[in-house]
Amino acid sequence: MNTYEQDVYKEVQDWMYKIGKKSRLFQRVSKQAQTKLNNYIPEKAHTMITDAIKNMVKMTLAGSNLTTKKPPMEELSLEEKDQRLAEKLTSYRKTATIEGAGTGAGGLFLGLADFPLLLSIKMKFLFEAAAVYGYDTSEYEERLFLLHIFQLAFSSDDKRRETLETIVHWDERKEELIDMDWRVFQQEYRDHIDFVKMLQLLPGIGAVVGAYANYNLLDHLGETAKHVFRLRYIQKLI
């Protein structure tokens, strides 16, 4: 490994260590409260929500795959890949921020529209990230891998550690993974963003909250994707 790759290796190790630590008290308490709330939601409603998000994600995956450029043919260094991803993230953060401010300023109706719009932006970014690091998302296993990155970014402590374990051993485990557990996928995602997205619906502050929240959600996803793809790159070297 060259000097840059050695530095990245240390950064990835630090990142993995942080994932293994417990989240902040507020996040844990919020998760516990949301889990209790989910227990009061009728099973029929859970099924409807799960199916809706599953279909929404699958439509977004299909659309993103069609509009994403194929991985570059030239062989790039890890540093060059990281630089390209940083440029992509800057663009997508800006898009998400504008979208959050616009829907947040529009009250309840447009605020509700933010959920599928932001989901689409996040998924499209992940497809672009995969292409930057040289992965072909026309392959089913790579699209499934992107869903695991998404789940890693927006999950509770236990699920995050479980997902990271799957990602670390992806080459051995991918054959066992036929599909996502969509029930868990949607609950983890909703529980992660519900509180801040409810604030976005409040009149007067919705635009500010929407812009701030979307910026940070994209930034967090970007950091997660960067370290995951760096991990795959480093694993091939050692």
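Preceding block: the structure.
Remember, predicted model here, so these are calculated numbers, not experimental data.

Draft legend 1. Representation of the side chain of lysine 226 within the structure. With respect to the helices and strands, lysine 226 occurs in helix α10 (residues 206-235). Setting aside chain neighbours within four positions, we find lysine 226 in contact with Asp82, Leu85 and Tyr133.

Draft legend 2. Quick look at the pattern of salt bridges. Under the criterion given, the structure shown has 13 salt bridges. With its nearest N and O atoms 2.7 Å apart, the salt bridge here joins arginine 93 to aspartate 219. Here arginine 93, found in helix α4 (residues 78-105), pairs with aspartate 219, found in helix α10; they are 126 residues apart in sequence, far enough to count as distant. With a relative accessible area of 24%, aspartate 219 lands in the partly exposed category. One salt bridge connects lysine 159 with glutamate 162, and the closest N-O pair in it is separated by 2.9 Å. On the criterion of helical spacing, the pair formed by lysine 159 and glutamate 162 is a turn pair, its members being three residues apart in helix α7 (residues 157-168).

Draft legend 3. Fine view of the packing of helix α1 (residues 3-20) against α7. Where α1 contacts α7, the axes come no closer than 9 Å and their chain directions differ by 145°. Across from Trp15, Met16, Ile19 and Gly20 in α1, the residues of α7 making contact are Arg160, Arg161, Leu164 and Val168. Each residue belonging to the contact of α1 with α7 can be placed in one class, and the counts come to five nonpolar, one polar and two charged.

Draft legend 4. Structural context of helix α6 (residues 140-153). The first and last C-alpha atoms of α6 sit 20 Å apart over 14 residues, in line with the 20 Å expected at 1.5 Å per residue. Buried within α6 are the following residues: Glu142, Leu144, Phe145, Leu146, Leu147, His148, Ile149, Phe150, Gln151, Leu152 and Ala153.

Reading guide: rules and limits
Residues numbered from 1 in each chain as written. Predicted model: local features only at pLDDT ≥ 70, side-chain atom pairs only at ≥ 80, totals over all residues. Heavy atoms only, no water. Helix = DSSP H or I, 4+ residues; strand = E, 2+ residues; numbered from the N terminus. Contact = heavy atoms within 4.5 Å. Salt bridge = Lys/Arg side-chain N within 4 Å of Asp/Glu carboxyl O. Buried < 20%, exposed > 50% of the residue type's maximum accessible area, 1.4 Å probe, protein only. Axes fitted to C-alpha atoms, helices over the stretch in contact; angles between N-to-C directions. Nonpolar A, V, L, I, M, F, W, Y, C, P; charged D, E, K, R; others polar. Expected span 1.5 Å × (residues − 1).

So, to be careful, I would describe these as geometric facts and stop short of saying anything about function.
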